[in-house]
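Remarks on the overall topology
Spelled out from the first residue to the last, the chains are:
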Amino acid sequence: LPKWGAAYLSGNRDAAASQLALIAEIGAALAEVTGDTMILDTTAAIARGREPGLTEAAEGLDAFGQGVKLYNLSKIAEARPLLATAERLLRKAGNPFRGWAEFYGAVCDHYSNPDRAFHTFSQLRRQLDEERHPVLAGRTVWLLGTLTNNHGRPEEALRHYQAAFALLDSSVGPQLASFVHVLLAEAYTALGEVERAWEERVAAFADLSRAGEPRRLHAALNEAASALLYQGYAGPALSVADELQVVAQVRGTPTALAEASLKRGWALDLLGRHEEALAELQAAEGHAAGLASGLRDRITGPLALAKASALTGRDPARSAEVVTGALAADLDNGYLFQLTRLLTARARAYRALGDDARAESDLRLAIEHHERIRVGVRSEQLRLSAFERAQEAFDEMIRLQVDHHRSPERAFEYAERSRSRVLLDLIQSGPAGTAEASNAPLSLPQALPAQEILDRLPAGMNLIEYAVLPDRLLVWIVGRGSLDLVEIEASAKDLEKSIDSLRNAIGRRATLHEIRSAAALLYETLILPLESKLRPGMPLVFVPDRLLVRVPFAALVDPRDGHYLVENRAVSVAPSATLYLAALDRSRALAGPGRRTVLAVGDPSFSRQRYPHLPRLAGADAEAAEIAALYPGSQLLRGDLATRDAFLAGARDHRLVHFAGHALLHPVPHLSRLLFAPVDGSDGGVLYANDLAYERLEHIEMVVLSACRTVDGGQRESLTGLAAAFLAAGPPVVVSSLWDVEDRPTRELMRSFHAAFRQGNDPATALRSAQISLLTASDSRLHSPSSWAGFEVIGGVVPQNPD
């Protein structure tokens, strides 16, 4: 098209006619293959045009060609006026190709004036005919997604990217649609859906490696390297960055070379190779120096984060200066995606300089920005796995309150403020769709102040809340009217090794001696330093943090007397102190008179076609029948009758629910599921955690999930898995499993648990009784913690006989 414009303007009508004929043939082929008629519509407008419109169209297309050429050379400032000229002339000529000129002009604005770019893309989308011009429409929606993602609205970006993929995949196909997988990965990463993000990246690599286009392959590798770095996988990130650098050298553009050096430097820094890292980062800075200011500013934030990390230990003043420059550039451009991390990085530098006041100010801003962004995540499904970009800020703030202010109470309040916010949101949001349907702005529920927690905790019990910091473990022992902080010299890496050692020994059914040795080591770290502040024999409620969610507290062994913790105390778990008190209120409200009946589900006939690797569970079927027989008037669902709908309907008629079947925990929390019998092949018989969370089950006082691994965690943001989904749906207590369990010991444990519960014991005391019964059984095969320690009580247990 630009060649036609140049030929027409030079007066060479034969060359212009030849070009136009060729364009028409290309346009016809594109329309047939992709359904996009933009080129055909453009040639038709030229063919029927008259002067002065033809001259205007020729001048516009010629200017468009020059502008795009400069844009591809990263000469944004020079390209922008040419594209503006092209858009004005093509609009005046009545030529539809003006849409592409307007698009590329807005792409240039994206680097220097994102608000204007967003307005242009929004207006262009409204004007476009998506059926005739799906490629331009798809690219326009794509850029709308990029801008909203850059502004810290990943959920809105996700909707734009999904629309863009649909438009491009149905028209031009993988040539463009494959790259949208990378953009979807960015949005899913920002929303915390790590597994889904990697699925999108793999899909992108599969197509892009075949297409072989260096520019988009570079972008996909760059995004993957960033994701690995953010997730802490420095070794794999360096491998991807090496590949990225190869592709960047093929491209040869300053932007590509700067990004590749940035990622290599960042990975090298995480690996402790600081001198190599600084050299690579300086190379990145050199490549970026020749870029237009908008493009240079786009990599300022990531570059500053990597440089600040490398400099904080040796030159914190320079580190703070680097981050301050990046913050100024991002704020000027409205680019808020990195704001939380940049503020946290500068706070670290200020702390290294001894300026705790400025550090605290930055951390407060980082946390407030994070919470403002969370308010904008309106989809309840995505809020189940909302992003945790403020985690480092909370860690630094907790550390500052302890080290500088010497205030255990304020540190505790920040720990509470940081954890289980997604679950708190779900519990307070009501039925599915309520928040989505409302036009009112969302507001986040608040963690309770420390003093209110101290006032409301039941007497005669202790709540133990942990915070895992990289270099140490903080533990608050909270009781009625008292709060103590204990600092333990245990790094997160050492804790992880100890927990893995115990879990691996349990998982492979190691000798009792090996399991007990690993459990004693964890007791020495997690419990022994607290003993002097704990009332003997009183119940303990643990609020674990991150990797501590995987700890079977009941099975920890006191090395002084060889007793398991559960032999001395009733033990339960809560996602946070705030949520413990909320569940406790619900437990008390449900503890009134009335006959307890149970909905017992045993070995549903799940789809063997969908899950061929899963066995049927004869022991679970017998277990459910035994549990139902303990409670007169109960309901038993088994085999083909145990459908998803029958379960949800029956759950509304009983105060207790006992599920003995297959549960599948998924890395993406809302995809964790219970398996039921499908109905006439019309459904898969699956109940997802996300659907379960919005059921109205407030009348149920306890749910028992007698299934494999129904609770998971690993992040402070939320207790995840099916246990969290049931807590969100209303029941205040969930008995759940930490690992894959076996039929026979689980059946014995559950029979003893329900028998003790029916005698009037609270769930934690009943589970303790059942666990001790296996621990002391005549069959020594039941003595191992692998048989009895996998189950824990989560939620608001009312302790018995408080002082």
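For the structure itself, look to the data block above.
Here goes a summary of the coordinates provided. Worth saying up front: this structure is predicted, and the values here are computed from it rather than measured.

Here the focus is the environment of glutamate 524. Assignment of secondary structure puts glutamate 524 in helix 28 (residues 512-526). Residue classification places glutamate 524 among the partly exposed residues on the basis of a relative accessible area of 39%. Distance in space between the C-alpha atoms of glutamate 524 and aspartate 558 is 7.4 Å, their sequence separation being 34 residues. Those residues in contact with glutamate 524 that lie beyond four places of it in its chain are Pro529 and Pro559.

Turning our attention to the pairing of strand 12 (residues 702-705). Alternating residues of strand 12 divide into Met702 and Val704 and Val703 and Leu705, and every residue in both groups is buried. Note: strand 8 (residues 656-660) against strand 12, four bridges, orientation parallel. By the bridge assignment for strand 12, valine 657 is matched with valine 703. Sheet topology note: the strand 12/strand 13 (residues 733-737) ladder contains two bridges and is parallel. Opposite valine 703, over in strand 13, you have valine 734 as the bridge partner.

With that out of the way, let us pick up the sheet that holds strand 11 (residues 686-688). An order of 9-10-11 is seen for the three strands of this open sheet, with the pairing classed as antiparallel. Two strands close off the open sheet at either side, each with one partner strand: strand 9 (663-664) and strand 11. Across two bridges, strand 9 lies against strand 10 (residues 673-675) in antiparallel orientation. Across the sheet, the residue bridging to leucine 664 is arginine 673, located in strand 10.

On to a nonpolar patch on the surface. A cluster of nonpolar side chains, namely Leu22, Ile26 and Leu30, defines an oily patch on the protein surface of about 250 Å² accessible area. Note that leucine 22 resides in helix 2 (residues 13-34). Residue classification places leucine 22 among the partly exposed residues on the basis of a relative accessible area of 45%.

Moving on, we come to the packing of helix 12 (residues 214-230) against helix 13 (residues 234-251). Relative orientation of the contacting elements helix 12 and helix 13 amounts to 155°, with a least axis distance of 9 Å. Taken together, the axes of helix 12 and helix 13 lie roughly antiparallel to each other. For helix 12 against helix 13, the interelement crossing comes out left-handed. Mapping the contact onto sequence places Pro214, Arg215, Leu217, His218, Leu221, Asn222, Ala224, Ala225, Leu228 and Leu229 in helix 12 and Pro236, Ala237, Val240, Glu243, Leu244, Val247, Ala248, Val250 and Arg251 in helix 13. Classifying every residue of the contact of helix 12 with helix 13 by side-chain character gives 14 nonpolar, two polar and three charged.

Here we take up the packing of aromatic side chains. To describe a pair of aromatic rings, one takes the distance between the centres and the angle between the planes. Taken as a whole and judged by the stated rule, the model has 17 aromatic pairs. Between tyrosine 71 and tyrosine 104, the ring centres sit 5.8 Å apart and the planes meet at 65°, which makes this aromatic pair edge-to-face. Here tyrosine 71, found in helix 4 (residues 53-72), pairs with tyrosine 104, found in helix 6 (residues 98-112); they are 33 residues apart in sequence, far enough to count as distant. By relative accessible area, tyrosine 71 is classed as buried at 17%. Ring centres of phenylalanine 753 and phenylalanine 757 lie 6.2 Å apart, and the angle between their planes is 15°; this geometry places the pair in the stacked category. In this pair, phenylalanine 753 and phenylalanine 757 both sit in helix 35 (residues 743-758), four residues apart, roughly one turn of the helix.

Turning our attention to the pairing of strand 13. Counting buried positions along strand 13 gives five out of five residues, so the element sits mostly inside the fold. Where burial is concerned, the two faces of strand 13 agree: the one with Val733, Val735 and Ser737 and the one with Val734 and Ser736 are both buried. Two strands pair when backbone bridges link them, and strand 13 and strand 14 (residues 791-795) are joined in this way by five bridges, in the antiparallel orientation. The residue bridging valine 735 from the neighbouring strand is valine 793, located in strand 14.

Below, the discussion takes up the packing of helix 5 (residues 76-93) against helix 6. Relative to each other, helix 5 and helix 6 sit at 150°, their axes nearing to 8 Å. Considering the angle they form, helix 5 stands roughly antiparallel to helix 6. The two elements helix 5 and helix 6 cross, and the hand of that crossing is left-handed. Between helix 5, through Ile76, Ala79, Arg80, Leu83, Ala86, Glu87, Leu90 and Arg91, and helix 6, the contact on the second element is made entirely by Arg98, Ala101, Glu102, Tyr104, Gly105, Cys108, Asp109 and Tyr111.

On to the pattern of salt bridges, then. All chains considered together, the criterion is met by 51 salt bridges. Between arginine 358 and aspartate 355 there is a salt bridge, with the nearest N and O atoms lying 3.7 Å from each other. The residue aspartate 558 makes a salt bridge to arginine 560 at a minimum N-O spacing of 2.8 Å. Given the relative accessible area of 4%, aspartate 558 is considered buried. Overlapping salt bridges, with partners in common, bring together Arg341, Arg348, Glu392, Glu396, Arg399, Asp403, Asp471, Arg472 and Glu487 in one network.

With that out of the way, let us pick up unusual backbone geometry. In the segment running from glutamate 51 into proline 52, the intervening peptide bond is cis, with an omega of 0°. One can find proline 52 in the loop between helix 3 (38-47) and helix 4. In this model, arginine 509 sits at a positive phi of 55°, which is unusual for a non-glycine residue. Within the secondary structure layout, arginine 509 lies in the loop between helix 27 (492-507) and helix 28. For arginine 509, a relative accessible area of 34% puts it in the partly exposed group. Positive phi, close to 50°, is recorded for arginine 546, a residue that is not glycine. Its location among the elements puts arginine 546 in the loop between strand 4 (540-543) and helix 29 (565-568). Of the residues examined, arginine 546 reaches a relative accessible area of 13% and is grouped as buried.

About the thresholds
- Residues numbered from 1 in each chain as written.
- Predicted model: local features only at pLDDT ≥ 70, side-chain atom pairs only at ≥ 80, totals over all residues.
- Heavy atoms only, no water.
- Helix = DSSP H or I, 4+ residues; strand = E, 2+ residues; numbered from the N terminus.
- Buried < 20%, exposed > 50% of the residue type's maximum accessible area, 1.4 Å probe, protein only.
- Contact = heavy atoms within 4.5 Å.
- Pairing = 2+ DSSP bridges.
- Patch = residues over 30% accessible without salt bridge, like charges linked within 9 Å, V, L, I, M, F, W, Y side chains within 5 Å.
- Areas by Shrake-Rupley, 256 points an atom, 1.4 Å probe, with all protein chains shown as cover.
- Salt bridge = Lys/Arg side-chain N within 4 Å of Asp/Glu carboxyl O.
- Axes fitted to C-alpha atoms, helices over the stretch in contact; angles between N-to-C directions.
- Parallel < 35°, antiparallel > 145°, perpendicular 65-115°, else oblique.
- Left-handed = near helix turned anticlockwise from the far one by under 90°.
- Nonpolar A, V, L, I, M, F, W, Y, C, P; charged D, E, K, R; others polar.
- Phe/Tyr/Trp six-rings, centres within 6.5 Å; stacked < 30°, edge-to-face > 60°.

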